Protein chains: 2
Amino acid sequence: MQKESGTPPLRVGIVGYGNLGKGVALAIGQNPDMELVAVFTRRPPEELTAVENAVPYARITDYSADIDVMILCGGSSTDLPEQVLSVSKLFNTVDSFDTHAKIPAYFSQVDEAAKAANTLSLISTGWDPGLFSLARLLGQSVLPQGEEYTFWGKGLSQGHSDAVRRVPGVKNGVQYTIPLESAIEQVRAGATPSLTTADRHRRVCYVVAKPEANLSEIEENIKSMPHYFEPYDTTVHFISDEELRENHSGMPHGGTVFRSGITGNGSRQRIEFGLALESNPEFTASVLVAYARAVGKLAKEGQTGARTVFDIPLGYLSPHAAEELRRTLL
Amino acid sequence: MQKESGTPPLRVGIVGYGNLGKGVALAIGQNPDMELVAVFTRRPPEELTAVENAVPYARITDYSADIDVMILCGGSSTDLPEQVLSVSKLFNTVDSFDTHAKIPAYFSQVDEAAKAANTLSLISTGWDPGLFSLARLLGQSVLPQGEEYTFWGKGLSQGHSDAVRRVPGVKNGVQYTIPLESAIEQVRAGATPSLTTADRHRRVCYVVAKPEANLSEIEENIKSMPHYFEPYDTTVHFISDEELRENHSGMPHGGTVFRSGITGNGSRQRIEFGLALESNPEFTASVLVAYARAVGKLAKEGQTGARTVFDIPLGYLSPHAAEELRRTLL
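Residues numbered from 1 in each chain as written. Chains lettered and ligands numbered in written order. Predicted model: local features only at pLDDT ≥ 70, side-chain atom pairs only at ≥ 80, totals over all residues. Heavy atoms only, no water.

A.B. asks: Break down the overall build of chain A for me, with residues and values.
C.D. replies: Helix and strand counts for chain A come out as eleven helices and 14 strands. The principal-axis extent of the C-alpha atoms belonging to chain A is close to 65 × 60 × 35 Å. Taken over 330 residues, chain A has a buried fraction of 55%. When the accessible surface of chain A is summed, it comes to about 13800 Å², and 47% of that surface belongs to carbon and sulfur atoms. Of the side chains in chain A, 30 bear a positive and 39 a negative charge, and the two mean positions are spaced by 4 Å. (Helix = DSSP H or I, 4+ residues; strand = E, 2+ residues; numbered from the N terminus. Buried < 20%, exposed > 50% of the residue type's maximum accessible area, 1.4 Å probe, protein only. Areas by Shrake-Rupley, 256 points an atom, 1.4 Å probe, with all protein chains shown as cover. Lys, Arg positive; Asp, Glu negative; His and termini not counted. Charge placed at Lys NZ, Arg CZ, Asp CG, Glu CD.)

A.B. asks: Requested: an account of the sheet that holds strand β8 (residues 155-156) of chain B, with residues and values cited.
C.D. replies: Residues and elements named next belong to chain B. Read from one edge to the other, the open sheet built from four strands follows the order β8-β9-β10-β11, with strand pairing classed as mixed. For this open sheet the edge positions go to β8 and β11 (233-238), each flanked by a neighbour on one side alone. With six bridges connecting them, strand β10 (residues 201-209) and β11 associate as parallel partners. Across the sheet, residue Cys205 finds its bridge partner in β11, namely Val236. (Pairing = 2+ DSSP bridges.)

A.B. asks: An account of the sheet that holds strand β12 (residues 253-263) of chain B is requested, with residue identities and associated values reported.
C.D. replies: Pairing in this open sheet of six strands is antiparallel, and the strands run β7(A)-β12(A)-β13(A)-β13(B)-β12(B)-β7(B) from one edge to the other. Looking at which strands have only one partner, the edges of the open sheet turn out to be β7 (146-152) of chain A together with β7 (146-152) of chain B. Each neighbouring strand pair of the sheet contributes to a mean axis angle of 5°, computed without reference to strand direction. Relative to β12(B), β7(B) runs antiparallel, the two being bridged by seven bridges. The partner of Gly146(B) across the bridge, within β12(B), is Gly261(B). (Axes fitted to C-alpha atoms, helices over the stretch in contact; angles between N-to-C directions.)

A.B. asks: How would you summarise the interface of chain A and chain B if you had to cite specific residues and measurements?
C.D. replies: At the interface, 60 residues of chain A touch 60 residues of chain B. Both sides of the chain A and chain B interface together cover about 5500 Å² of buried area, and 62% of this is carbon and sulfur. Taken together, chain A and chain B are joined by two salt bridges. For the salt bridge of Arg268(B) with Glu278(A), the shortest nitrogen-to-oxygen distance reads 3.1 Å. Scanning the region where chain A abuts chain B turns up 27 residue pairs in polar contact (both at pLDDT 80 or more). (Contact = heavy atoms within 4.5 Å. Buried area = accessible area lost by both parts, 1.4 Å probe. Salt bridge = Lys/Arg side-chain N within 4 Å of Asp/Glu carboxyl O. Polar contact = N/O pair within 3.5 Å; in protein donor to acceptor, adjacent residues only side chain to side chain.)

A.B. asks: Any details on the pattern of salt bridges? Residues and values, ideally.
C.D. replies: Across all of its chains, the model carries 30 salt bridges over all chains by this definition. Across the pair Arg293(A) and Asp33(A) runs a salt bridge, and its minimum N-O distance is 2.8 Å. Here Asp33(A) lies in the loop between α1 (19-29) and β2 (34-41) and Arg293(A) lies in helix α10 (residues 280-300), a separation of 260 residues in the sequence. Where Asp111(B) meets Lys115(B), a salt bridge forms, and the shortest distance between an N and an O atom there is 2.9 Å.

A.B. asks: A description of the packing of aromatic side chains should follow, citing residues and the corresponding values.
C.D. replies: All told, the structure shown has twelve aromatic pairs over all chains when counted by the stated rule. Ring geometry for Tyr176(A) versus Tyr206(A): centroids 5.8 Å apart, planes at 75°, classification edge-to-face. Of this pair, Tyr176(A) sits in strand β9 (residues 170-179) while Tyr206(A) is found in strand β10 (residues 201-209), placing the two residues 30 residues apart along the sequence. For the ring pair Phe132(B) and Phe273(B), a centre distance of 6.1 Å and an interplane angle of 80° mean the geometry is edge-to-face. Of the two residues, Phe132(B) is situated in helix α4 (residues 131-142) and Phe273(B) in strand β13 (residues 267-277); the sequence distance between them amounts to 141 residues. We classify Phe132(B) as buried; its relative accessible area is 0%. On the accessibility criterion, Phe273(B) (6% relative accessible area) is buried. The cationic tip of Arg203(B) hangs over the ring face of Tyr232(B); the distance from NZ or CZ to the ring centre is 4.1 Å. (Phe/Tyr/Trp six-rings, centres within 6.5 Å; stacked < 30°, edge-to-face > 60°. Lys NZ or Arg CZ within 6 Å of the ring centre and 35° of its normal.)

A.B. asks: For the confidence of the model for chain A, give the residues involved together with the corresponding values.
C.D. replies: Across chain A, pLDDT averages 95, with 98% of residues at or above 70. Overall fold confidence (pTM) sits at 0.95, and the ipTM for the predicted complex is 0.95. (pLDDT = per-residue confidence, 0-100.)

A.B. asks: How would you explain the relation of the copies chain A and chain B if you had to name every residue and give the values?
C.D. replies: Turning chain A through 180° and shifting it by 0.0 Å along the axis lays it on chain B, with an RMSD of 0.0 Å. Within this description, the copies of the chain are treated as partners about a two-fold rotation axis. Most of the interface of chain A is mirrored in chain B: 100% of its interface residues are interface residues there too. (Least-squares fit on C-alpha atoms with pLDDT ≥ 70 in both.)

A.B. asks: Can you tell me about the nonpolar core, naming the residues and giving the values?
C.D. replies: Formed by 151 residues in total, the largest nonpolar core has its most connected members in Phe40(A), Phe283(A), Tyr291(A), Phe40(B), Phe283(B) and Tyr291(B). The residues contacting Phe283(A), other than those within four sequence positions of it, are Trp127(A), Leu131(A), Leu275(A), Leu277(A), Val142(B), Leu143(B), Gln269(B) and Ile271(B). (Core = buried A, V, L, I, M, F, W, Y, C linked by side-chain atoms within 4.5 Å.)

A.B. asks: Explain the environment of Thr284(A) to me, using residue names and the numbers behind them.
C.D. replies: Along the chain, Thr284(A) turns up in helix α10. Distance in space between the C-alpha atoms of Thr284(A) and Thr125(A) is 8.1 Å, their sequence separation being 159 residues.

A.B. asks: If you had to explain the packing of α1(A) against α10(A) to someone new, which residues and values would you point to?
C.D. replies: Any two packed helices are characterised by the angle at which their axes cross and by the distance between the axes. Residues and elements named next belong to chain A. Where α1 contacts α10, the two axes come as close as 8 Å, and the packing angle between them is 55°. For the element pair α1 / α10, the angle class is oblique. Crossing geometry of α1 relative to α10 is assigned as right-handed. Mapping the contact onto sequence places Asn19, Leu20, Gly23, Val24, Leu26, Ala27 and Ile28 in α1 and Pro281, Glu282, Thr284, Ala285, Ser286, Leu288 and Val289 in α10. Among the residues making up the contact of α1 with α10, the classes are represented as nine nonpolar, four polar and one charged. (Parallel < 35°, antiparallel > 145°, perpendicular 65-115°, else oblique. Left-handed = near helix turned anticlockwise from the far one by under 90°. Nonpolar A, V, L, I, M, F, W, Y, C, P; charged D, E, K, R; others polar.)

A.B. asks: Quick one: what's the story with empty space enclosed by the protein, residue by residue and with numbers?
C.D. replies: Going through the model one piece at a time under the given rule, you end up with four cavities of 30 Å³ or more. Computed from the structure, the largest cavity encloses a volume of approximately 140 Å³. Along the walls of the largest cavity sit Leu131(A), Leu134(A), Ala135(A), Leu138(A), Phe273(A), Leu314(A), Leu131(B), Leu134(B), Ala135(B), Leu138(B), Phe273(B) and Leu314(B), which together make up its complete lining. Tallied by class, residues from the lining of the largest cavity come to twelve nonpolar, no polar and no charged. Taken as a whole, the second largest cavity spans an internal volume of roughly 40 Å³. What lines the second largest cavity is Ala135(A), Leu138(A), Val257(A), Phe258(A), Arg259(A), Ile271(A), Phe273(A) and Phe273(B). Breaking the lining of the second largest cavity down by element, the ones donating at least two residues are α4 (131-142), β12 (253-263) and β13 (267-277) of chain A. Sorting elements by how many residues they give to the lining of the second largest cavity places β12(A) first, with three residues. Of the residues belonging to the lining of the second largest cavity, the class tally is seven nonpolar, no polar and one charged. (1 Å grid on protein atoms, 1.4 Å probe; cavity = no way out; pocket = protein on both sides within 12 Å on 5 of 7 lines; lining within 4 Å. Points joined across faces, edges and corners; volume = space filled by probe spheres on them.)

A.B. asks: Tell me about the environment of Ala27(A), residues and numbers included.
C.D. replies: Residue and element names in this part refer to chain A. On the secondary structure map, Ala27 appears in helix α1. Between the C-alpha atom of Ala27 and that of Asp79, which follows or precedes it by 52 residues, the distance is 22 Å. Residues in contact with Ala27, not counting those within four places in the same chain, are Ala285, Ser286 and Val289.

Right, dumping it as structure tokens:
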């Protein structure tokens, strides 16, 4: 960090203090070139006992001169679409909007708002969308003649866990997405098979049933749920409250993006980008924080509007100067 | 490619027609948005029988209006340092300069030359330096608290093969660098051991001896060679000319960059970027060609001077428009 010793720290704000917001606060603590100015929350700020500087969301506009980049940590379904447009009127932003089908429309709206306000907004970062998107782009660009495979897991899927918990008779539960080793081995061996998502993954549920619930009905209802479980090899385990709390309260995730391609006169080439995460929200948070640094630098250079990970040179993620990166990492 | 249907193809030139230059010509053929204009060579052009448009290197200046990006495919020890300064006076360039210790000085010289000539030069791309450098940068930036490991191989090392061939009594030979599975497994299991390069790799040589050479002397001379072999677990196999030709004329390579880090309250997180390459020069060539596309676009935007992979947004590597990348890859 010596090169930047004269540079003031990047002043960061957080909007929303769920798992992701907490992870962002912790990640900022790992980066000495950053400072957490405030956490904005819709809850009574005194409820955020672990946070020194919790501020009611309604007061966010008071901070327009004090924060360089605001990291939006709300959910994609309602929080982000609403918050990003008002927050980007005053602040540069970073978010993890991940509703794939809505990204183009979201980008356009944010781009318009940020350009009008002379701010810079990076959307849809994290690991998928985010780093996995970069891996797909790199694979396609370097090996245009090839096949791409994304395997997710082993990981706790929030959406599938929610679906399990909505089944009648279910008190609580979690769902793990597990990549099929046999499929991964096929791809690693250089084959380029046609594999649907269901051919690449299986699903394992740990369910706490309500007293007197019919277990086989629960199992049947889960396994036959269209899209979520129906095309997959699904296993349902019934466990106790205690077991769920003790063994299934972590949020591991990860996965691998493969690109298998052919070059020249038939040489097989493979690119592989993998993540093994003990905490999905903390890792996503770490990615958001590195990209917040990039947004801070690019905004200083006068850039405005919406951006995605595809638009950001990776050198901007680092606290180190370009000369140092060339000397130590190339 | 539909979005770019109105865009003329990127006009590419190649300087040097060894293994890398051949790979670049083949890679250009896989990218319909590019056109190979000419291959510049110091050999008599008629020797390049596989090439339609071989041109004597001395005539390169005649092409200044006809080529958007020149890909320099010479070696790092003498060709590139000499060629890049003269070629960048007239052309945007991409090269794979890989003498790590000399990269900062090389960058400065190229930056000065290219700025003076209003051209753009990307240096030191390929996979290491290149994609592996990006993986290291990403790992450090996202997981600042962590350890980094690069494993190379299984791969044919040109430098070590040359060293084997210089040993008295050796007629011909190759050397493979092989990562130690046990060390990889340690890192994958989440340990962050201290490992030297020799702790992470072993070396296997296939040697054709001259008639009447003393085999045990050859073996001893190889194994005791300082830096190259001395600190490593080295195996020497003696084989026949035919066996060498049949089983060891490919140029496989690859490796993996790991970043093992800790976030939040102790969650272990791992990022892994791996390559498994049947042809090292063809893959390196494919990377150079994707970056040539980026250089073409950035030069059109008016950028000049020297760049490295750290400065290039990955979106520029793709033939597809930004909207399409957001829609299909995020």
